[in-house]
Every structure is written in C-alpha cells, then in structure tokens.
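Here is what each chain is made of, one letter per residue.
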Amino acid sequence: MEIIKLLKNIKRYPKRLGDGLYQKPSGGFSIIEVILAIAVFALFVTSFIGAIIYGEQSSAMAGTRGRAVFLADEAIEAVMSIRDDAWNEIIYSQSAVDTTGSRWNLTGEGSTETIGPYTRVITFSDVCRDGSDNIVDCPGSYTDIHTKKVTVTVTWTGPTLASHTVDRVTYINNWQSLNWMQTDWAGGSGQSVWSDATMFESDDGNIDVSTAGEAKLAQGTIPCGTKVWPFNVAGNYSYDSGKIEVTGGFAQLRETAPGTGQITDTPVDSLEYDNVNGLESQILRVSGDIYAISYRGEGDGGYLKTVETATNGQITDTVIDSLE
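In this text, all values refer to a predicted model and were calculated from it rather than measured experimentally.

## A word on the overall build of the protein chain
Item 1. For the protein chain, the count of helices and strands is two helices and 18 strands.
Item 2. Counting all 324 residues of the protein chain, 19% fall into the buried class.
Item 3. Look at the contacts in the protein chain between residues 6 or more apart in sequence, and 32% of them connect residues 24 or more apart.
Item 4. As presented, the protein chain carries roughly 23900 Å² of accessible surface, and 55% of it is formed by carbon and sulfur atoms.

## Considering the environment of Gly108
Item 1. By the element assignment, Gly108 lies in the loop between strand E5 (103-106) and strand E6 (113-115).
Item 2. A relative accessible area of 10% places Gly108 in the buried class.

## Here we look at the pattern of salt bridges
Item 1. Counted under the stated rule, the structure contains nine salt bridges.
Item 2. Among the ionic pairs, Arg120 bridges to Glu74, the shortest N-O distance being 2.8 Å. With Arg120 in strand E7 (residues 118-129) and Glu74 in helix H2 (residues 31-85), this pair connects stretches of sequence that are 46 residues apart.
Item 3. A relative accessible area of 3% places Arg120 in the buried class.
Item 4. You can call Glu74 partly exposed: its relative accessible area is 25%.
Item 5. When the shortest N-O distance is used, the salt bridge between Arg103 and Glu89 registers 2.8 Å. In this pair, Arg103 sits in strand E5 while Glu89 sits in the loop between H2 and strand E3 (94-95), placing the two residues 14 residues apart along the sequence.
Item 6. Its relative accessible area of 30% is what places Arg103 among the partly exposed residues.
Item 7. Where salt bridges share partners, they join Glu74, Glu113 and Arg120 into one cluster.

## Some details on the side chain of Asn105
Item 1. Tracing the sequence through the fold places Asn105 in strand E5.
Item 2. In this structure the side chain of Asn105 is engaged in a polar contact, spanning 2.9 Å, whose partner is the side chain of Thr100.
Item 3. Polar side-chain contacts of Asn105 include one of 2.5 Å to the side chain of Arg103.

The rules behind each value
- Residues numbered from 1 in each chain as written.
- Predicted model: local features only at pLDDT ≥ 70, side-chain atom pairs only at ≥ 80, totals over all residues.
- Heavy atoms only, no water.
- Helix = DSSP H or I, 4+ residues; strand = E, 2+ residues; numbered from the N terminus.
- Buried < 20%, exposed > 50% of the residue type's maximum accessible area, 1.4 Å probe, protein only.
- Contact = heavy atoms within 4.5 Å.
- Areas by Shrake-Rupley, 256 points an atom, 1.4 Å probe, with all protein chains shown as cover.
- Salt bridge = Lys/Arg side-chain N within 4 Å of Asp/Glu carboxyl O.
- Polar contact = N/O pair within 3.5 Å; in protein donor to acceptor, adjacent residues only side chain to side chain.

Listed below in structure tokens is the structure:
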C-alpha cells in the first residue's frame with residue numbers, strides 16, 4: 001500500500017498533442033499502477049498463507065516427534081521396571097515389551113512393536129570395562145555381567161515418505177546383587193541362608209567336599225559284569241546291510257553271491273600234509289603263494305609245515321619245510 005501512495009505522489013507530466021497543445025492529466029490510476037498493486041498484494045497473501053501452512057506442518061511434525069520421544073522414554077522406564085522385578089529376565093538381545101496387569105514384561109527374542117505409525121525396537125548389549133572399571137568398547141579387560149546397555153529406537157515415516165528416528169540409550173545394572181567369595185565347603189550342608197563361609201545348602205551325595213578348598217565328584221563303585229546289547233532295536237547300532245544281516249537278535253555276515261568269492265562245491269586240489277594225525281589246523285599266508293600250516297599232530301605235539309599253492313588253486317605235492 002505504501003508503494004501505491006508513493007506512485008500517487010509522483011509528478012505526472014501532461015501528454016503533448018502537437019502544435020503546443022497538451023492533454024491535462026487525469027486523476028485516475030494507470031494500468032502499470034494497477035498491475036504493481038496486484039503483484040504486491042499477491043506476494044503479501046502468498047507469504048502469509050505459506051507462513052500459516054508451514055506453521056501448521058511444523059506443529060504437526062513436532063507433535064509426531066513428541067509422541068515418538070514419549071514411546072522411547074516409556075520403553076526405557078519399562079526395562080528399568082523389569083530390572084527391578086527380576087534381573088534374570090534380562091536375557092534377550094532384542095525384545096519388545098508389553099504389560100500383564102500392572103507389570104511390564106519382555107515378549108521374547110527378536111520381537112518388535114508396532115504402535116500406530118511407529119515401530120519400537122529395544123536391544124540389549126554387553127558392557128565391557130577396562131582395568132580401571134571404566135566402560136569401553138568390547139572386548140575390554142572383562143565383561144561386566146551385572147550391567148547391560150539398553151538402546152531404544154522408534155522409527156516412523158513422515159508425510160513426505162521420509163524416514164524419521166528417535167533413539168534413547170541408557171545403562172542398567174543389577175544393583176541388588178550381593179557377591180561373596182567361597183572356596184571352602186568342608187562345613188557341609190544345611191545352610192539355607194548364607195552366613196558360614198564353609199557351609200552350603202544341600203547336595204545329592206555325589207559331591208566330595210571333605211578337603212578344604214576343593215569340591216569334586218565323589219568316587220563310586222561301578223559293578224562289573226557282562227553286558228549284552230541285542231540287535232533287536234535298530235536305533236542302537238548301524239551296519240552295512242549289504243554285508244551284514246540281523247536275524248533273531250543276532251548279526252551275521254551275509255552269504256556272498258556267485259562270482260564274487262563263493263566257494264564252488266568241487267575242490268580244486270588237496271594235500272595230505274600228515275597221514276597219522278592232524279588236529280586243530282590253522283593256515284597262515286607267509287608270503288606270495290607260500291602258506292604255513294600249524295596243527296596238533298602225533299603224540300599231541302605241535303607241528304608246522306609250509307606248502308606252495310598256485311594262483312589257480314593247485315597245491316604242490318611236496319611239503320617245502322616242516323618243524324616239530
């Protein structure tokens with residue numbers, strides 16, 4: 001509007017008509033003045049409407065983010081509540097939470113939560129410390145079994161399909177734990193509430209604590225005897241069914257099919273190596289085609305004779321050597 005007033009105050013020069021004649025300027029607006037006024041007004045309205053829209057979008061985004069922050073803080077409080085109830089429930093690397101009555105619970109390994117447009121993930125990590133007990137990146141000097149790192153991540157997709165994230169990180173510890181050192185159990189059982197550094201609650205009789213500073217398995221007597229495992233339960237053994245067969249609870253070699261080593265009904269050759277007495281004979285291959293025959297001969301004496309057998313099964317008629 002100030003520009004319009006300024007334009008009004010600009011001196012208007014009369015229009016020359018010729019031969020010394022001039023047209024007297026009128027008091028109305030020119031077209032240029034109207035266009036400029038409209039442009040300024042449009043710029044003002046556009047800026048004003050843009051400011052309103054941006055403000056509304058900012059308020060909506062702030063509200064959405066505030067809801068995400070609330071969900072992240074709620075998860076931290078839920079984990080702390082679970083910690084206070086029972087530290088031994090903190091056993092997962094990732095879990096969601098829910099409520100049973102008025103009590104928070106972890107829902108199980110790998111679970112997540114979808115709450116409206118939000119996805120909430122809670123992860124638990126080991127905490128490592130250095131020699132001065134300061135928290136450091138793992139592995140460090142040792143892992144603090146009484147401390148866990150808790151990370152809560154809440155994600156959602158905005159109106160422009162962009163992904164947004166809110167993170168919360170905290171550390172929880174088993175502040176209720178009581179630690180004590182015990183290296184001697186010689187005081188025996190019967191202590192339900194710890195007070196004596198040499199006693200314990202109970203045992204099943206298989207622990208030997210008679211030596212101070214030691215706890216070991218008690219020695220027992222194992223009865224000796226013969227143990228028979230019958231072949232009537234297939235799951236108790238394994239074998240090559242092509243070579244072994246199980247019949248009536250006993251295992252035996254299968255008969256060899258013809259052409260693969262089966263003995264024909266007609267002997268190829270024979271040799272009488274003792275014409276008086278030959279009992280309890282045993283045949284042993286010495287080398288190549290040479291075989292040794294040991295047996296109980298005349299007068300219950302022990303005899304050893306060697307013979308030669310060709311590859312076709314023929315036996316030489318002469319004993320190579322003998323020993324009584």
